[in-house]
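# Results of the structural survey
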Amino acid sequence: MTQPALSIKDLDVTLGGLPVVRGLDLHARAGEFVSILGPSGSGKSTTFGVLTGEVSADRGDVRITGDALHGGRSRVAYMPQRDALLPWRTVLNNLTLGLEVRGTKRAAAREKVRPLLEPFGLEGFENRYPAQLSGGMRQRAALLRTVAQEQPLLLLDEPFGALDALTRSQMQGWLENMWEKYRWTVVLITHDVREALFLSDRVYVFSPRPARVAAEIVVDFPRPRTQALFADPRFAALEAELLQQLTRA
Amino acid sequence: MPRPGVVLPPLVLVALLLAIWEIYAATIGPGADVLPTPSRVAQQGWADRENLLANTWPTLRATVIGLALSVAVGFGFAVLVDLSGLARRAVLPVLVVSQTLPLVALAPLVIVWFGFGQFPKILLIVFVNFFSTTLSFVEGFRSADPDSVALLRSMGAGRWRVFRTVRLPSALPYFMAGLRIAITYSVVSAIFAEYAGAEAGLGVYMQFAKNTFRTDLVLAAVFVTASLTLILFALSYLIERIALPWAFLVRAGEAS
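As annotated in an unreviewed UniProt entry, chain A carries the name ABC transporter ATP-binding protein and comes from Kineosporia mesophila.

### Description of the sheet that holds strand 2 (residues 18–28) of chain A
Residue and element names in this part refer to chain A. Taken together, four strands build an open sheet; the order of strands is 2-1-4-5 and the sheet is antiparallel. Edge positions in the sheet fall to strand 2 and strand 5 (67–68), since each of these pairs with one other strand and no more. Two elements, strand 1 (residues 6–15) and strand 2, share seven bridges in a ladder whose sense is antiparallel. Counterpart to V13 in the pairing with strand 2 is V21. Running at roughly 110° to strand 1, helix 1 (residues 44–52) makes contact with strand 1, strand 2 and strand 4 (59–64) of the sheet.

### Looking at the domain arrangement of chain A
Residues and elements named next belong to chain A. Here chain A is partitioned into domain 1 (1–75 + 153–249) and domain 2 (83–150). Using C-alpha coordinates to define each centre, domain 1 is positioned 24 Å away from domain 2. Taking both partners together, domain 1 and domain 2 bury about 1100 Å²; carbon and sulfur atoms supply 70% of that area. At the junction of domain 1 with domain 2, the criterion picks out zero salt bridges. Linking domain 1 to domain 2 there are three residue pairs in polar contact (both at pLDDT 80 or more). Among the secondary structure elements, those contributing two or more residues to the side of domain 1 that touches domain 2 are strand 7 (153–157) and helix 6 (165–182). Ranked by the residues each element gives to the side of domain 1 that touches domain 2, the list is headed by helix 6, at seven residues. Split into classes, the residues belonging to the side of domain 1 that touches domain 2 amount to eleven nonpolar, two polar and two charged.

### With respect to the environment of R164(B)
Following the sequence through the fold, R164(B) ends up in helix 8 (residues 159–196). Taking the C-alpha atoms as reference points, R164(B) and I191(B), 27 residues apart in sequence, are found 37 Å from one another.

### Re the pattern of salt bridges
All names here are of chain A. Summed over all chains, the structure comprises 28 salt bridges over all chains. Residue D58 pairs with R22 through a salt bridge whose shortest N-O separation is 3.9 Å. Placement of the pair is D58 in the loop between helix 1 and strand 4 and R22 in strand 2, with a sequence separation of 36 residues. Ionic pairing is found between R114 and E111, a salt bridge with its closest N-O pair at 4.0 Å. With R114 and E111 both in helix 4 (residues 106–117) and three residues apart, the pair spans about one turn of that helix. Among the charged side chains, a network of salt bridges with common partners joins R29, E32, R202 and E216.

### Thoughts on the sheet that holds strand 6 (residues 76–79) of chain A
All names here are of chain A. Pairing in this open sheet of six strands is mixed, and the strands run 6-7-8-3-9-10 from one edge to the other. The strands lining the two open edges of the sheet, one partner per strand, are strand 6 and strand 10 (213–218). Neighbour-to-neighbour, the strand axes of this sheet turn through a mean angle of 15°, independent of strand direction. In the packing of helix 5 (residues 135–147) onto the sheet, the strands contacted are strand 6 and strand 7, and the crossing angle to strand 6 comes to about 165°.

### Re the side chain of D147(B)
Here D147(B) is to be found in helix 7 (residues 146–154). In contact with D147(B), not counting residues within four places along its chain, are P80(A), Q81(A), R82(A) and A84(A).

### A few points about the interface of chain B and chain A
The figure often quoted for interface size is the accessible area lost as the parts come together. Each partner contributes residues to the interface: chain B has 20 residues there, and chain A has 23 residues. Here chain B packs against chain A, burying approximately 1900 Å² in sum over the two surfaces, 67% of which is carbon and sulfur. Its largest share of buried area at the contact with chain A, chain B owes to L151(B), S154(B) and M155(B), together 32% of the area lost on that side. The tally of links between chain B and chain A comes to three salt bridges. A salt bridge links D145(B) to R82(A); its shortest N-O distance comes to 3.4 Å. Put simply, chain B and chain A have four residue pairs in polar contact (both at pLDDT 80 or more) between them. For the side of chain B that touches chain A, the secondary structure elements donating two or more residues are helix 7, helix 8 and helix 11 (245–255) of chain B. Here the element with the most residues in the side of chain B that touches chain A is helix 7 of chain B; it accounts for seven residues. A breakdown of the residues in the side of chain B that touches chain A according to their chemical character gives eleven nonpolar, five polar and four charged.

### What about helix 6 (residues 118–142) of chain B?
All names here are of chain B. Helix length check: helix 6, at 25 residues, gives a terminal C-alpha distance of 35 Å against a target of 36 Å (1.5 Å per residue), a fit within 8%. The principal kink in helix 6, of about 40°, is found at N129. Counting buried positions along helix 6 yields 18 of 25 residues, so the element is predominantly enclosed.

### Let's talk about the domain arrangement of chain B
The assigned domain composition of chain B is domain 1 (1–29) and domain 2 (48–247). Using only C-alpha atoms to locate each centre, domain 1 of chain B and domain 2 of chain B end up separated by 30 Å.

### Side note on the packing of helix 5 of chain A against helix 6 of chain A
Residues and elements named next belong to chain A. Where helix 5 meets helix 6, the closest approach of the two axes is 10 Å, and the angle between their N-to-C directions is 30°. Once helix 5 is placed against helix 6, the crossing between them reads as right-handed. Residues G136, Q139, R140 and L143 of helix 5 touch helix 6, and the partners they reach there are T167, M171, W174 and L175. The class makeup of the residues in the contact of helix 5 with helix 6 is four nonpolar, three polar and one charged.

### As for the confidence of the model for chain B
Taken over all residues, the pLDDT of chain B has a mean of 90, while the share at 70 or more is 98%. Across chain B, the element-wise mean pLDDT spans from 79 in helix 11 of chain B up to 94 in helix 2 (residues 38–47) of chain B.

Criteria and cut-off values
- Residues numbered from 1 in each chain as written.
- Chains lettered and ligands numbered in written order.
- Predicted model: local features only at pLDDT ≥ 70, side-chain atom pairs only at ≥ 80, totals over all residues.
- Heavy atoms only, no water.
- Pairing = 2+ DSSP bridges.
- Helix = DSSP H or I, 4+ residues; strand = E, 2+ residues; numbered from the N terminus.
- Contact = heavy atoms within 4.5 Å.
- Axes fitted to C-alpha atoms, helices over the stretch in contact; angles between N-to-C directions.
- Domains from an automatic or database assignment.
- Buried area = accessible area lost by both parts, 1.4 Å probe.
- Salt bridge = Lys/Arg side-chain N within 4 Å of Asp/Glu carboxyl O.
- Polar contact = N/O pair within 3.5 Å; in protein donor to acceptor, adjacent residues only side chain to side chain.
- Nonpolar A, V, L, I, M, F, W, Y, C, P; charged D, E, K, R; others polar.
- Expected span 1.5 Å × (residues − 1).
- Bend = angle between axes of the 7 residues up to and from the residue.
- Buried < 20%, exposed > 50% of the residue type's maximum accessible area, 1.4 Å probe, protein only.
- Left-handed = near helix turned anticlockwise from the far one by under 90°.
- pLDDT = per-residue confidence, 0-100.

In structure tokens, the structure reads:
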């Protein structure tokens, strides 16, 4: 049997004397889209912090494709809440940033990124500055920068949180399409129950701080999924169940 | 380019003030020796242009060298402060105290110590400016987006990489703002140092003109000083436009 892309067992994190995560168990199989839903300040971003190396855990076993986290190179590609595109780099130079930091020469990094411009709808914009892009394009650029790093695990921290409602639902549809095509292993943090259901294979509901998994829900709607899914009564039932879990948690 | 709506009102105001001055000085004023008309200032300044220009170069040179050194020293201090908490605690209070020393008393002393050449002028300019250039860099480094820093860390970037890729570029617009403040102070402190004692320069020229009761030439030198400052100011915008084209885009995006 193959190793899960991500496995977290019995994770404890304390920040400034405050227990933020206690006994967290979570996993993601290769090619799986997993979402984490939870109340604000429930330790979702802290869990990502452990995976990116920003936060150190008290204890727990964290493995990415079977290998322990600590030491060594970063093996996750992280997308922060805001796009965090560097305003002084052109779009193309923003896209190659992760590869460059990980040691690829700029010219080689560009060759890797170029074929992705078209599917990400950024062709013709590679020499613009981020300030010249729309909100949706910036988010697509940020996602491209994330996947271009070619890591076994993508961590998306509320990627669409700052977008207006219309752009947001367009981006959700777009991400669904892209995921169908590339089948990345994704862990997504979101506040949006419908977003989690629409995109995920599985959804974890976190308890209020200290975080542990309060509920785990398998979402087995067939793919490709479209906006029509929102009208499915089973979707509404799951949404109601998740909302209930969230308020109870 | 700035729009006419931005440029025109101050120009009209300046023209109006000059006209009032001209009429006052030519009619009921205290006389040309005490308060010359602007037209006389322009005329006499032009007549003495060779001398005026010869004294402008030393001031300009001291200003530019002083500015460059202020930026270099400020950058050095700011990097130190940014990288080390101990340096921050040690350096910042000393910087603040350095700004409480009275320049009026210090300038003649610096001349006594280092003579009448370029060096004491430059030293004084650096002394006046390195505080503001240091602070503008420090503030600029701090303005770096925490998300961008976290992003680079997640890619496995070390401290130096984060500094070079995120913190330093973030600081550049702040640095340009600091540079503009430094420009105005630099010209003024160069003139001041020359007033306290120097071989040549606009300050020396002003003092000489004053001592020979040539108020028109004093004012002509004042005009040259102001022009010098404005030219350096305009130059700083030009440099920013060329070196940081993205900064204008970001600002325009925030304004819209």
